[in-house]
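Summary of the model geometry
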Amino acid sequence: HGTKAIILNTPHNPTGKVFTPEEMESIADVVRRHPQVSVISDEVYKYIIIDTPSQDKCTTAGCELELQEESGPSIPPSHIHFASLPGMWNRTVTCSSAGKTFSITGWQVGWMVGPSDFIARVHALLPHVQFCAPSPMQ
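Predicted, not measured: the structure shown is a model, and the values here were computed from it. (Residues numbered from 1 in each chain as written. Predicted model: local features only at pLDDT ≥ 70, side-chain atom pairs only at ≥ 80, totals over all residues. Heavy atoms only, no water.)

**Description of the pairing of strand β2 (residues 38–42)**
Rules: Remark: exposure states derive from per-residue accessible area (1.4 Å probe, protein chains only) relative to the maximum for the residue type, with buried under 20%, exposed over 50%, and partly exposed in between. For helices the rule is a DSSP run of H or I covering at least 4 residues; for strands it is a run of E covering at least 2, with both sets numbered from the N terminus onward. Pairing between strands is defined by DSSP: at least two bridges between them are needed. Place the viewer so that the strands point away; then a crossover is right-handed whenever the path from the first strand over the helix to the second strand goes clockwise.
Every second residue of β2 is oriented toward a common face, the buried set being V39 and S41 and the non-buried set S38, I40 and D42. Of the pairings in the sheet, the one linking strand β1 (residues 5–9) to β2 comprises five bridges and is parallel in character. Across the sheet, N9 pairs through a bridge with D42, a residue of β2. Between β1 and its parallel partner β2, the chain crosses via helix α1 (residues 21–33), and the hand of that crossover is right-handed.

Right under this line is the structure:
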């Protein structure tokens, strides 16, 4: 009956959107109000966050104009683990991967972190979805 899970992707692929602390807290507030909802947090790109442009990095046409239009100081985005927000650990499974960060997508090396009752379900499913071993492991 109704929503059972929210899939959260931050940093987002392909847009590069990194949710702000305020946006993350707003999502957590929705989850807190709905006890049946769990979160699958895709954090594969957490180490690949591009800083906001600064004057010394301005190399493209129009970059200075964009910087002048910004209001307030430029603060580069940073990654926030959704499960680290108050009350979210027991409601979140976090997915990550070495593939994107280290350019080894063919290795199929990933992991999930979360409460043991969620991870036990993943362990039960894993033998049925793993179809080949990564080349370096063979």
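**Remarks on the pattern of salt bridges**
When the charged atoms of two side chains lie near each other, side chains of opposite charge can form a pair. Put simply, the rule reads: For salt bridges, the criterion is a side-chain nitrogen of Lys or Arg within 4 Å of an Asp or Glu carboxyl oxygen.
Enumeration over the complete set of coordinates arrives at three salt bridges. In this structure, R32 and E25 form a salt bridge, with 2.6 Å as the shortest nitrogen-oxygen distance. Taking the relative accessible area as the measure of exposure, E25 reaches 26% and is therefore partly exposed. D29 is paired through a salt bridge with R32; the nearest N and O atoms lie 2.6 Å apart.

**Describing the environment of W107**
Topologically, W107 is positioned in the loop between β3 (92–97) and β4 (110–113). Along the backbone, W107 and S97 are ten residues apart, and their C-alpha atoms lie at a distance of 10.0 Å.

**Observations regarding the nonpolar core**
We count it as follows: Nonpolar cores are built from buried Ala, Val, Leu, Ile, Met, Phe, Trp, Tyr and Cys residues. Side-chain atoms within 4.5 Å join them into one set. Contact definition: two residues touch when any of their heavy atoms are within 4.5 Å.
Judged by nonpolar contacts, L8, M24, I27, A28, V31, V37, V39, I80, F82, L85 and M88 together constitute the single largest core of eleven residues. Sorting elements by how many residues they give to this core places α1 first, with four residues. For I80, the contacting residues outside a window of four places in its chain are T20, P21, M24, E43 and L85.

**Considering the confidence of the model for the protein**
In plain terms, the rule: The quantity called pLDDT is the predictor's confidence in a given residue, expressed from 0 to 100.
In this model, the protein carries an average pLDDT of 79, and 72% of its residues clear a pLDDT of 70 or more. When the criterion is pLDDT under 50, residues 60–69 qualifies, and its contacts beyond four places in sequence or with other chains add up to eight contacts.

**Looking at the pairing of β3**
Residues in a regular strand project their side chains so that they alternate between the two faces of the sheet. β3 sits mainly inside the fold: six of its six residues count as buried. Bridging between β2 and β3 involves four bridges; their strand directions are parallel. In the sheet register, D42 faces β3, and the bridge partner there is C95.

**A few points about unusual backbone geometry**
In this model, T10 is joined to P11 through a cis peptide bond whose omega is -5 degrees. Summarising the element assignment, P11 is placed in the loop between β1 and α1. Put simply, N13 and P14 share a cis peptide bond, and its omega is 20 degrees. Positionally, P14 belongs in the loop between β1 and α1. In this structure, S103 is a non-glycine residue whose phi angle is positive, near 55 degrees. Here S103 lies in the loop between β3 and β4.

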